[in-house]
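Descriptive structure summary
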Amino acid sequence: MDPEYFKSWNMSWGTLGTVRPFPNFHPERDAVELQAALEKKDTVTLVRILTNRSNAQRQVLAKTFEDITQKDLEGAVKKAVTGDLAALLLSLLMPPQEHDAYRFQQAMAGLGTDEETLIEILSMRSRKQLDDISAAYTFLYKKDLEKELRGETSGDFAKLVVALLHKECVTGSVQRDMETLLIAVNSKKADGKPWIDMLTSRDPEHLKKVLAELEVECGQNVDHIFEKRFSGDFRLGLKVLAQCIQSPYAYLAKRLTNTKSSVLQGIMVSHSEEDLLCIRVAYLKLTGASLYTSLQVGHTQTGGRFIRK
């Protein structure tokens, strides 16, 4: 993989992630330790090293491992580890936009489509990030992401998905935008176009204010509005998008109550260096239990390492 290909991807280190750059990083030492762990199938050591290094450090580590051993680290992991743990470790070795591209691919693979994961990624990522993810998708799978999304979706849901992929950030008035949506709410015919146009063309903070004003004016929350006026995948898409706008951490916390490993690991890896601490707080508020404890109980090998007590 050419490192220049992913050079423009910006990660948010801050203090909101649970995985941060390891302060005493020695890739040669880590590579030797990983080699021994892979030979012994020592999963504890593999997890300890790979979950305690930032993504950028893992990319350096993978290159160092190959230089020292003449072997590909990804291939070595596939030989030594199987199941959910292998899926997690392989996800950790992917650059961030490559991982999101992989999540898109997995959401559309096989019979049926995971519509909620599609909307989750599209809602959480900026236009610049989505452009990078689209480029990574083409690089990895030799296919155009937009064409793949169009082929897996239909109707208003397909229009919503494509509009989110090419989302804009047009300046608008909270009052005027609220009134536009209010007209759509009061219309006899349920029309998805005003919602698609509005929710994919404004800044999330602006939309948060618009939806709050709309709820006050209507006397009901937007989730209830969508429930009454729309159906199927489009209704699901609008509800998820609105939740991501109004309370993204609460939405992701709710998704983490899903015991499906692909959903759990996808969110954990994607947000581990960005805002997983915020999701952790939202999870505690939602369930009354800490995310660390819940993951230790349900996923003893993989979960707790991301959280840190």
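This structure is a prediction, so every number in the text was calculated from the model and none was measured. (Residues numbered from 1 in each chain as written. Predicted model: local features only at pLDDT ≥ 70, side-chain atom pairs only at ≥ 80, totals over all residues. Heavy atoms only, no water.)

Taken as a whole, the second largest pocket spans an internal volume of roughly 720 Å³. Lining the second largest pocket are 32 residues, with Ser 123, Met 124, Arg 125, Ser 126 and Pro 204 positioned closest to its centre. At the level of elements, α7 (115-124), α8 (127-141), α13 (204-218), α15 (232-246) and α16 (248-255) are the ones that each hand at least two residues to the lining of the second largest pocket. Considering only residue class, the lining of the second largest pocket consists of 13 nonpolar, nine polar and ten charged. Both domain 2 (96-246) and domain 3 (249-296) contribute no fewer than three residues apiece to the lining of the second largest pocket. (1 Å grid on protein atoms, 1.4 Å probe; cavity = no way out; pocket = protein on both sides within 12 Å on 5 of 7 lines; lining within 4 Å. Points joined across faces, edges and corners; volume = space filled by probe spheres on them. Helix = DSSP H or I, 4+ residues; strand = E, 2+ residues; numbered from the N terminus. Nonpolar A, V, L, I, M, F, W, Y, C, P; charged D, E, K, R; others polar. Domains from an automatic or database assignment.)

A common way to report how large an interface is uses the accessible area buried once the components associate. Partitioning the protein into domains gives domain 1 (27-93), domain 2 (96-246) and domain 3 (249-296). The distance between the C-alpha centroids of domain 1 and domain 3 comes to 24 Å. The interface is formed by eight residues belonging to domain 1 together with four residues belonging to domain 3. Counting the surface domain 1 buries against domain 3, the share from its top three residues, Asp 84, Leu 88 and Ser 91, is 59%. Our count for the domain 1 to domain 3 interface comes out at zero salt bridges. Our count for the domain 1 to domain 3 interface comes out at four residue pairs in polar contact (both at pLDDT 80 or more). When grouped by side-chain class, the residues that make up the side of domain 1 that touches domain 3 number three nonpolar, three polar and two charged. (Contact = heavy atoms within 4.5 Å. Buried area = accessible area lost by both parts, 1.4 Å probe. Salt bridge = Lys/Arg side-chain N within 4 Å of Asp/Glu carboxyl O. Polar contact = N/O pair within 3.5 Å; in protein donor to acceptor, adjacent residues only side chain to side chain.)

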